[in-house]
Amino acid sequence: MNILIKPIITEKATNNSELFNRYSFVVNKKANKLEIKNAVEKAYGVTIKSVKTMNYPVQRNTKYTKSGIVQAMKGAYKKAIVQLAEGENIDFYSNI
């Protein structure tokens with residue numbers, strides 16, 4: 001089971017990483033906090049202080065256009081915010 005799907009690199013996530021040493025990831029829906037902690041430590045070689053998780057539900061919307069009704073859906077996902085120990089950091093841009 002692949003635990004880490006992708007890192008979240010948004011303006012808010014980047015601000016959290018710079019100020020509070022917190023990094024965000026989209027993770028597998030069935031993963032628990034211990035599995036997430038072990039996966040991040042193994043992938044990036046850092047020490048983790050805490051893990052917070054959030055489950056986001058499916059988002060559906062309907063638009064009424066000239067050509068008819070258009071329906072869209074954004075899938076459900078689980079987000080994990082990982083706080084690292086003091087002096088640790090993750091560089092997402094090192095492989096570019």
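Each remark here, short or long, concerns the structure printed above.
In this report, we go over the structure that sits alongside the text. (Residues numbered from 1 in each chain as written. Predicted model: local features only at pLDDT ≥ 70, side-chain atom pairs only at ≥ 80, totals over all residues. Heavy atoms only, no water.)

A word on the sheet that holds strand S6 (residues 77-84)
(1) Moving on: A sheet is described by the order of its strands in space; here four strands give the open sequence S1-S2-S6-S3, paired in antiparallel fashion. Every interior strand has two partners, whereas the edge strands, strand S1 (4-7) and strand S3 (48-56), have only one. Pairwise comparison of adjacent strand axes, ignoring direction, gives a mean angle of 30° for this sheet.
(2) Moving on: Running over the sheet, helix H1 (residues 11-20) touches strand S2 (22-27) and S6 and is turned about 140° from S2. (Pairing = 2+ DSSP bridges. Helix = DSSP H or I, 4+ residues; strand = E, 2+ residues; numbered from the N terminus. Axes fitted to C-alpha atoms, helices over the stretch in contact; angles between N-to-C directions. Contact = heavy atoms within 4.5 Å.)

Re the side chain of Lys78
(1) Moving on: As for its placement among the helices and strands, Lys78 is situated in strand S6.
(2) Moving on: Buried Lys78, no salt bridge; nearest opposite-charge side chain is Glu35, N-O distance 7.6 Å.
(3) Moving on: A distance of 2.7 Å separates a polar side-chain atom of Lys78 from the backbone oxygen of Ala31.
(4) Moving on: Excluding residues that lie within four positions of it along the chain, Lys78 makes contacts with Phe25, Val26, Val27, Asn28, Lys29, Ala31, Thr53, Met54 and Asn55. (Buried < 20%, exposed > 50% of the residue type's maximum accessible area, 1.4 Å probe, protein only. Lys, Arg positive; Asp, Glu negative; His and termini not counted. Salt bridge = Lys/Arg side-chain N within 4 Å of Asp/Glu carboxyl O. Polar contact = N/O pair within 3.5 Å; in protein donor to acceptor, adjacent residues only side chain to side chain.)

Notes on the side chain of Asn16
(1) Moving on: Tracing the sequence through the fold places Asn16 in helix H1.
(2) Moving on: Judged by relative accessible area, which is 19%, Asn16 ranks as buried.
(3) Moving on: The residues touching Asn16, leaving out its near neighbours within four places in the chain, are Asn21 and Arg22.

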